[in-house]
Amino acid sequence: RRRRRKENAAPVVALWADADGPIPPGAPEPTAIVQTSPGHAHLFWRLRSPVAPREAEELNRRLLAKVGADRSGWDLSQLLRPPGTLNRKYEGTPKVRLLELDQETSYHPRELEMALPRSGVAPVAPTVRTSPKPPPSPTDLSHLSRRARALVRLGNAGAGCPYKSRSEADFAVCLAMFGAGYDEAEIRAVMTDPANGISERTLEKGRHAERYLALTIGKARTIAGVRRSA
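These numbers come from a predicted model, not from an experiment.

Peer 1: It is not clear to me how the packing of helix α4 (residues 166-179) against helix α5 (residues 184-191) should be interpreted in this structure. Could you clarify?
Peer 2: Each pair of packed helices gets described by two things: the angle between the helix axes and the distance between those axes. Here α4 crosses α5 at 145°, and the two axes come no closer than 10 Å. In this structure, α4 meets α5 at a crossing whose hand is right-handed. Every residue of α5 that contacts α4 at Asp-170, Val-173, Cys-174, Met-177 and Phe-178 is listed here: Glu-184, Glu-186, Ile-187, Val-190 and Met-191. Tallied by class, the residues present in the contact of α4 with α5 amount to seven nonpolar, no polar and three charged.

Encoded structure:
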């Protein structure tokens, strides 16, 4: 009676994926990112209307092919860890944390059905832009979501304080930029540009700014699963 069985599944209101790397360009942006352990995350895509379990399972299988996630995690009996719980699978029992939640991002099931690849399509490998040339503009944010762009431009307070602290907001921006394919030089440019509200915390650090930024970017790089450029 304690086993997870597909026959007991209720109508599904969100699709899911077990992903360790950044979302590839062109893939649907997730509604929520949940860190299950350092370097590992569950992604969720909220649906505007619930769908039958078997229909959701098929959409989820196609979604994983699109985002290049763990191809074994699409089924209805997949274990998904709620934020606030402890992951006893790893040493130190890390706490499951909600890293990002964009309540404006949701998808109509028909929209995904039309956009996602059919059976037999190979998953898209995550790509990261690593051009050695300096970015054309430190404020070129076109690859970020609307919510992330507002956080960069206005800072945590100006964006309505979606995070408990400015340091958490800084981390969220770094993680979002890695996930969108920006490299470390571009992230540093954005995080230190006085024209961006998100730079406030970093610039306040004065001579300690480099250490603070290195720790924040390093943590985000680890979670995003991005290798450091040579």
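Peer 1: What should I look at first to understand the side chain of Glu-184 in this one?
Peer 2: Locating Glu-184 in the fold gives a position in helix α5. Looking at Glu-184, the relative accessible area reads 17%, which means it is buried. Separated by 2.6 Å, the side chains of Glu-184 and Arg-221 make a polar contact.

Peer 1: How do you make sense of the pattern of salt bridges when you look at a structure like this?
Peer 2: Between side chains of opposite charge, pairing is possible as soon as their charged atoms come close. As enumerated under the stated definition, the model contains nine salt bridges in all. Close ionic contact of Arg-61 with Glu-58 constitutes a salt bridge, the shortest N to O distance being 2.4 Å. One end of the pair, Arg-61, and the other, Glu-58, are both in helix α1 (residues 53-67), three residues apart, so they sit about a helical turn from each other. The exposure class assigned to Arg-61 is buried, which follows from its relative accessible area of 18%.

Peer 1: I tried to follow the sheet that holds strand β3 (residues 40-51) on my own but got confused; where do I start?
Peer 2: Backbone hydrogen bonds are what pair the strands of a sheet, in a parallel or an antiparallel way. Pairing is antiparallel across the open sheet formed by four strands, whose spatial order is β1-β3-β2-β4. For this open sheet the edge positions go to β1 (12-19) and β4 (97-101), each flanked by a neighbour on one side alone. Adjacent strand axes in the sheet meet at a mean angle of 25° when their direction is disregarded. Bridge count for β1 against β3 is seven bridges, and the pairing is antiparallel. Counterpart to Ala-19 in the pairing with β3 is Ala-41. Against the sheet, α1 engages β1 and β3, with an angle of about 35° to β1.

Peer 1: How should the pairing of strand β2 (residues 32-37) be read in this particular structure?
Peer 2: In terms of burial, β2 is a largely internal element, six of the six residues being buried. The sheet contact formed by β2 and β3 spans five bridges and is antiparallel. From the neighbouring strand, Gln-35 faces β3, where its bridge partner is Ala-41. Following β2, the chain reverses through two residues before pairing antiparallel with β3; Gly-39 in that reversal takes a positive phi of roughly 85°. As defined by bridge partners, β2 adjoins β4 across four bridges and the pair is classed as antiparallel. By the bridge assignment, Val-34 is partnered in β4 with Leu-98.

Peer 1: What's the story with the packing of α5 against helix α7 (residues 209-224) in this structure? I'm lost.
Peer 2: The N-to-C vectors of α5 and α7 enclose an angle of 130°; their axes lie 11 Å apart at closest approach. Judged by the angle between their axes, α5 and α7 are oblique. The interaxial crossing formed by α5 with α7 has right-handed handedness. Contact residues: Glu-184, Ile-187, Arg-188 and Met-191 in α5; Glu-210, Leu-213, Ala-214, Ile-217 and Arg-221 in α7. By residue class, the composition of the contact of α5 with α7 is five nonpolar, no polar and four charged.

Thresholds, definitions, all that
Residues numbered from 1 in each chain as written. Predicted model: local features only at pLDDT ≥ 70, side-chain atom pairs only at ≥ 80, totals over all residues. Heavy atoms only, no water. Axes fitted to C-alpha atoms, helices over the stretch in contact; angles between N-to-C directions. Helix = DSSP H or I, 4+ residues; strand = E, 2+ residues; numbered from the N terminus. Left-handed = near helix turned anticlockwise from the far one by under 90°. Contact = heavy atoms within 4.5 Å. Nonpolar A, V, L, I, M, F, W, Y, C, P; charged D, E, K, R; others polar. Buried < 20%, exposed > 50% of the residue type's maximum accessible area, 1.4 Å probe, protein only. Polar contact = N/O pair within 3.5 Å; in protein donor to acceptor, adjacent residues only side chain to side chain. Salt bridge = Lys/Arg side-chain N within 4 Å of Asp/Glu carboxyl O. Pairing = 2+ DSSP bridges. Parallel < 35°, antiparallel > 145°, perpendicular 65-115°, else oblique.

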